[in-house]
Every structure is written in structure tokens, then in C-alpha cells.
Amino acid sequence: MRVVGETSLGAAFVCLGAMIWLLGGRHCGLRRARLLLAGGAVAAPGPPAWERAFEGLRRLRDRLGAEWWALAAGLLLALLGASPLPAAAGAAGVPLLRRVRRARQARRLRERRADAVIALCGALAGEVRAGRQPGEALLRAARDSGGLGDAQPAVVAAARFGGEVPGALAAAGRQSGAEGLLGLAACWRVAVDQGAGLATGLDRLEAALRAERDQRADLRAQLSGARATAVLLAALPALGLLLGAAMGADPLRVLLHTGAGLGCLAVGTAFEGAGTWWATRIVRGAEGVRRRG
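Only a predicted model underlies this, so the values are computations on that prediction, with no experimental measurement involved. Throughout, residues of each chain are indexed from 1 in the direction in which the sequence is written. Per-residue local features of the predicted model are confined to residues with pLDDT of at least 70, and side-chain atom pairs are confined, for both listing and counting, to 80 or more; whole-chain, interface and lining totals are unaffected and use all residues. Based on all heavy atoms of the structure, the side-chain values leave hydrogens and waters out of the count.

S.K.: Which parts of the structure should I look at to understand the packing of helix H6 (residues 134–145) against helix H7 (residues 152–160)?
M.R.: When two helices pack together, their arrangement is given by the angle between their axes and by how far apart the axes lie. Note on geometry: axes are lines fitted to C-alpha atoms, helical ones only across the stretch in contact, with angles between N-to-C directions running from 0 to 180 degrees. Runs of H or I in DSSP of at least four residues are treated as helices and runs of E of at least two as strands, each being numbered from the N terminus. Look at H6 against H7: their axes get within 8 Å of each other, and the N-to-C directions meet at 155°. As far as their axial angle goes, H7 and H6 are roughly antiparallel. When the axes of H6 and H7 are compared, the crossing they make is left-handed. Contacts between H6 and H7 involve Gly135, Leu138, Leu139, Ala142 and Arg143 from the first element and Gln152, Val155, Val156, Ala159 and Arg160 from the second. Three residue categories are used. Nonpolar comprises Ala, Val, Leu, Ile, Met, Phe, Trp, Tyr, Cys and Pro, charged comprises Asp, Glu, Lys and Arg, and polar comprises the others, including Gly. Considering only residue class, the contact of H6 with H7 consists of six nonpolar, two polar and two charged. In these notes the angle categories are as follows: under 35 degrees is roughly parallel, over 145 is roughly antiparallel, 65 to 115 is roughly perpendicular, and the rest is oblique. If you view the pair so one helix is near and one far, a crossing is left-handed when the near helix is turned anticlockwise from the far one by less than a right angle, and right-handed when it is turned clockwise. In this description, contact between two residues means that some pair of their heavy atoms is separated by no more than 4.5 Å.

What follows is the structure, given as C-alpha cells:
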């Protein structure tokens, strides 16, 4: 069994080295030939091989998505442990990690839209104070800030051709993160119908949106410690496996090829999933309470 484990480990290192060479070093000779045939010009030396390898890995990660590294890790553990269970677990983790990645991307998109709406309110207030008409001011502010997102053509058309600007702004405010446009639509409607000062309402709206953004940032900073603790607790089993392998205990063989090890693996996986779910629920509950407050 020890010989099989050493053979698997050696094969894993050979595969890793081949992947790094294919990603980072296979174009080195071709690049050198092109430099020699390009008229004899002396070019600066390129980045080292290890840097090209990491750059290739980063491009591969961006192309495939970070969730596929779970499958790669599962395949590596399956090779080292001579068992299909890690590969199956890695394959099962791909859709879960994809969901987490998409949720993170959606949250970043919401934050960018919220920041763009704040910039739009500030730019529009400045244009109105400069003496421009609301329609022209909205056209300039939308062009400079980009706070209307995907609905910018409809709002610009309404402002340029005398359409229903509040309705277009309200429709744009249905985008996730662009809810501040609903307040902008209300300010526009009050200013047009009742002759109120549009710049004053925009200043108040901008201040309220900035305060809400600062509150979200403060909440995220307060919960960062809880998130880091949950991530650390989730990574402790992997650290235990590494320590066991460093001490020569061969934990993969015990977990994947013995009855007691399989039982411990099943119970530990259940507790790990339950703990991660509970920590995530606590954090989301705290966010919900703070938002309602």
C-alpha cells in the first residue's frame, strides 16, 4: 500500500509539472525564434517561467470559473487516495461553488449600480444648479455617470423627446441595486408637477443613498470577523489531513479504505455542512435585522 501511495504521489507531481510546463513554458522557444527572425532587434527578457505558469493558471481559472478547481482537487485526492469518493465530492461541489460565485458577482453588480446611482444624483444636481433644464441636465448626467444601467437608452429617449421621464426612471429602478432611481423619479415628478426645487431634492436623495451605502459597508465590516471564523472552521479538516500526512499517518487510506474511516468521513461531512449552513444563516440573519432596523 505504501508503494502504491508513493507511486500515486509521484504521478500527481508529474501531472502538475506537465500542466505548468504546458501553460507557461511551451511558447518560450517559439517566442525566442520570432525575436531572432524579427530583424535582429534585441528585446527585453520576458517574465520567468513560474510567472508565466501562474498567469496561465489564472487565465484558465477565469475562463472556466473558480468552481472547477473543486473538481481538480477532488481528482487529485482521488489519485492520491486511490478512491473515487473525492472525485465524486469534487464534482458535487462544482454547482454549489458556482452558485456562490454567481451570488458574489450579483452582489458586486448591485454595489456598482448603487454607486452609479449616487453619482448620477450628484451630477444631475450640479447640472441643474448650472442653469440647465432638467431634460438636458439628465442627458449630460447620464452620459457622464452611467447610473441608469441597461435602461439608459429608454430614459435618455424619454428625456430627449419629451416622454414620461418619471416612468422611465421608475422602470430603471427595478434593476437590482438601482432602487435609488425610484427616489429620483419621485423627485422629478414633484419638481415638474409642483414646481419644487429639483436640486434640493436630489441633494437629500444623494445624502440618504450615501448614508445607506455607508451603513451597508459598516455592517459588512462588522460581520467580516464572523465570516472569517466560519471559513477558518471550514478549512480545519483539510489542515488536519495535511498534518496527518506530514506525520506519516496516511489519513486518506484510513478515511477511504476502512469502515471506521468511512463512518468518520460521513459524520464529519454532515457536521461540516451543518456548521457551514448554520454560520451562514447567522450572518444573513444579522444582515436582515440590521437592514430592518
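After that view of the structure, there is still more to cover.
S.K.: Is there a simple way to explain unusual backbone geometry in this structure?
M.R.: Of all residues except glycine, most have a negative phi; of all peptide bonds, most are trans. At Ala82, a position not held by glycine, the phi torsion is positive, near 55°. Tracing the backbone through its elements, the reader meets Ala82 in the loop between helix H4 (68–81) and helix H5 (85–129). Of note, Asp250 is a non-glycine position whose phi angle comes to about 55°, a positive value. Note that Asp250 resides in the loop between helix H10 (198–246) and helix H11 (251–257). Exposure is judged per residue with a 1.4 Å probe applied to protein chains only, and the accessible area is read against the type maximum: over 50% gives exposed, under 20% gives buried, and values in between give partly exposed. Its relative accessible area of 36% is what places Asp250 among the partly exposed residues.

S.K.: Explanation requested: the pattern of salt bridges in the structure shown.
M.R.: Only one rule defines a salt bridge in this text: a Lys or Arg side-chain nitrogen within 4 Å of an Asp or Glu carboxyl oxygen. Overall, the coordinates contain 10 salt bridges when judged by the stated rule. Two residues, Glu212 and Arg216, come together in a salt bridge whose shortest N-O distance is 3.5 Å. In this pair, Glu212 and Arg216 both sit in helix H10, four residues apart, roughly one turn of the helix. By relative accessible area, Arg216 is classed as partly exposed at 27%. Residue Arg253 is joined to Asp250 by a salt bridge in which the shortest nitrogen-to-oxygen separation is 3.5 Å. Here Arg253 falls in the partly exposed class, since its relative accessible area comes to 33%. Three or more residues joined by partner-sharing salt bridges are found here, namely Glu127, Arg132, Glu136 and Arg140.

S.K.: Sorry, what's going on with the state of the cysteines here?
M.R.: Here, disulfide denotes a covalent bond that connects the sulfur atoms of two cysteines. Note that a disulfide, as used here, is simply two cysteine sulfur atoms within 2.5 Å. Going through the model one piece at a time under the given rule, you end up with zero disulfides. With no disulfide of its own, Cys121 lies closest to Cys187 among cysteine sulfurs, the gap being 7.6 Å.

S.K.: Is there a simple way to explain the packing of aromatic side chains in this structure?
M.R.: Any two aromatic rings considered together are summarised by their centre-to-centre distance and by the angle between their planes. Ring geometry is summarised as follows: Phe, Tyr and Trp rings, the Trp one being its six-membered ring, pair when their centres sit within 6.5 Å, and such pairs are stacked at plane angles under 30 degrees, edge-to-face over 60 and tilted between the two. Under the criterion given, the structure shown has one aromatic pair. On the numbers, 6.0 Å between centres and 50° between planes, the contact of Trp277 with Trp278 is tilted. By relative accessible area, Trp277 is classed as exposed at 52%. Its relative accessible area of 46% is what places Trp278 among the partly exposed residues.

S.K.: Is there a simple way to explain H4 in this structure?
M.R.: Helical geometry: 3.6 residues make up each α-helical turn, so side chains three or four residues apart lie on a common side. Multiply 1.5 Å by the residue count of a helix minus one, and that product is the helix's expected span. Here H4 is 14 residues long and its end C-alpha atoms lie 20 Å apart, about the 20 Å a rise of 1.5 Å per residue gives. Among the residues of H4, Gly74, Ala78 and Gly81 are the ones counted as buried. What you see down the axis of H4 is that its buried residues fit within an arc of 80°, all on one side. Where H4 is buried, its residues contact H5 and H11. Comment: arc refers to directions from the helix axis out to C-beta atoms.

S.K.: I tried to follow the nonpolar core on my own but got confused; where do I start?
M.R.: Most often, soluble globular proteins keep nonpolar side chains buried together rather than apart. By convention a nonpolar core is built from buried Ala, Val, Leu, Ile, Met, Phe, Trp, Tyr and Cys residues, the set being connected through side-chain atoms within 4.5 Å. Core analysis: the biggest nonpolar cluster contains 33 residues, and Leu124, Leu169, Leu181 and Leu184 have the highest contact counts within it. Contributions of two or more residues to this core are made by H5, H6, H7, helix H8 (165–172), helix H9 (180–194) and H10. Ranked by the residues each element gives to this core, the list is headed by H5, at seven residues. Excluding its chain neighbours within four sequence positions, the residues that come into contact with Leu184 are Leu120, Leu124, Leu169, Leu202 and Leu205.

S.K.: Explain the confidence of the model for the chain here, please?
M.R.: Should pLDDT be low for a region, the predicted coordinates there are not to be read in detail. Model confidence for the chain is summarised by a mean pLDDT of 77, while 73% of its residues fall at 70 or above. The pLDDT value tells you how sure the predictor is about a given residue, anywhere from 0 up to 100. Ranking the helices and strands of the chain by mean pLDDT puts H5 first, with 88, and helix H2 (residues 28–36) last, with 47. Ignoring residues within four places in sequence, the model shows residues 1–7, a span with pLDDT below 50, making one contact including any to other chains. In this model, residues 20–33 is a region of pLDDT below 50 whose contacts with residues beyond four sequence positions or in other chains number 11 contacts.

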